[in-house]
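Below are the chains, spelled out letter by letter.
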Amino acid sequence: MIRRLTKHDHDQLFSFLQKEPSFNLFIIGDIESFGYDTDFQEIWGELDETGNLKAVLLRYYNSFIPYAQGDFDVEGFATLIQQTNVFPFILSGKSSIVERFEQWLTLGNKRVMYFCECDTDEYANEYANQMDYSIEIKKATLEDVDRIIKLRQRIAEFATAPRTRESLAKSLETKTGRTYYIEQDGNMVASASTTAENSLSAMIVGVCTDEAHRQKGYASAIMTKLIQDLISEGKTLCLFYDNPQAGSIYKRLGFRDIGTWTMYL
């Protein structure tokens, strides 16, 4: 049976999601931030004959994320997505789960990325001991949003979507994200952000350095600061990457691959 979940299902739902908290950080973060009673967010659950959760499906605006521990009613969830009449939509999630929808839905362009997590600051602390302490890392405020966007727009390989500014500002405002940066001569030259921060984890996004200031260790320094701060708060850090060279940098700081994440845009 599939039904919409409510606040009365919260304890069972979170127990289910915490079996793989990193893969579920978006679902966990959205529920902690917005709950069960908004018009832009819904969460459904498939329950077995004893009332235990088998699978869940989150809708956040036009984005859908499914999660399951084993077999589940893919066709039933696919029908739900179609019945919401939200088009075009984004479908994303753990690859082994979300790719099952390919036979049931007409999907957009497929992108598969490595998914990795970091739950230790051991390697970041080692890197910090070797850092140039003249590098000052600052924490952004709402007043810095336009500077962050301008930095990203200066970087050819960095795509900024139309809603990027709005999303960045909202994450800073609601404290579901943070941005650290380095500046030279009053100009922001490197930054990295978190998004979907929740009580258990956070996703690293927007790691970038102005082309004229690369090979100075700025991105690694900012990542080190993020790791140290978030680990001290009891949070696991997660990130996507599809560039093996970038992946090797993250792994030196303590990240490890835990699977892949697929998006249909």
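So, here's what we can say about the structure. Just so we're clear, the structure is a prediction, and the values are computed from it rather than from any experiment.

Let us now look at the packing of helix α1 (residues 10-17) against helix α2 (residues 25-34). The N-to-C vectors of α1 and α2 enclose an angle of 155 degrees; their axes lie 10 Å apart at closest approach. Judged on the interaxial angle alone, α2 and α1 are roughly antiparallel. With respect to the hand of their crossing, α1 and α2 are arranged in left-handed fashion. Where α1 abuts α2, its residues H10, L13, F14 and L17 lie against I27, I28, I31 and E32.

Next up on the list: the packing of aromatic side chains. Tallying each qualifying case throughout the model produces 18 aromatic pairs. Consider the rings of Y60 and Y61, whose centres lie 4.9 Å apart with planes at 85 degrees: the pair is edge-to-face. Taken together, the ring pairs in this structure connect F23, F26, F115, F240 and W261 into an aromatic cluster. The positively charged end of K94 is found above the aromatic ring belonging to F23, 5.1 Å away from the centroid. Residue placement shows K170 over the ring face of F40; its charged tip is 5.8 Å from the ring centre.

Membership of the largest hydrophobic core comes to 68 residues, with the highest contact counts inside it found for L13, L17, V56 and F255. Top element by residues in this core is helix α8 (residues 218-232). It accounts for 7 residues. Ignoring sequence-local partners within four residues, the contact set of V56 consists of L5, L13, F16, L17, I27, I43, W44, G45, I65, P66, Y67 and F77. One finds A140, V145, L168 and C208 within the second-largest nonpolar core, a separate group that totals 12 residues.

A word on the state of the cysteines. Under the definition given, this model contains 0 disulfides. No disulfide involves C238; its sulfur sits 8.1 Å from the nearest other cysteine sulfur, which is in C116.

This part takes up the sheet that holds strand β11 (residues 236-241). The sheet built from 12 strands is open, its strands ordered β1-β2-β3-β4-β5-β12-β6-β11-β10-β9-β8-β7 with mixed pairing. Because the sheet does not close on itself, it has two edges, and the strands there are β1 (2-4) and β7 (138-139). As judged from the 3 bridges shared by β1 and strand β2 (residues 41-47), these two strands associate in the antiparallel manner. Looking across to β2, one finds that R3 is bridged to G45. Sheet strands in contact with helix α6 (residues 145-153) are β8 (179-184), β9 (187-195) and β10 (201-209), and its direction is about 100 degrees off that of β9.

What counts, and at which threshold
Residues numbered from 1 in each chain as written. Predicted model: local features only at pLDDT ≥ 70, side-chain atom pairs only at ≥ 80, totals over all residues. Heavy atoms only, no water. Axes fitted to C-alpha atoms, helices over the stretch in contact; angles between N-to-C directions. Helix = DSSP H or I, 4+ residues; strand = E, 2+ residues; numbered from the N terminus. Parallel < 35°, antiparallel > 145°, perpendicular 65-115°, else oblique. Left-handed = near helix turned anticlockwise from the far one by under 90°. Contact = heavy atoms within 4.5 Å. Phe/Tyr/Trp six-rings, centres within 6.5 Å; stacked < 30°, edge-to-face > 60°. Lys NZ or Arg CZ within 6 Å of the ring centre and 35° of its normal. Core = buried A, V, L, I, M, F, W, Y, C linked by side-chain atoms within 4.5 Å. Buried < 20%, exposed > 50% of the residue type's maximum accessible area, 1.4 Å probe, protein only. Disulfide = S-S within 2.5 Å. Pairing = 2+ DSSP bridges.

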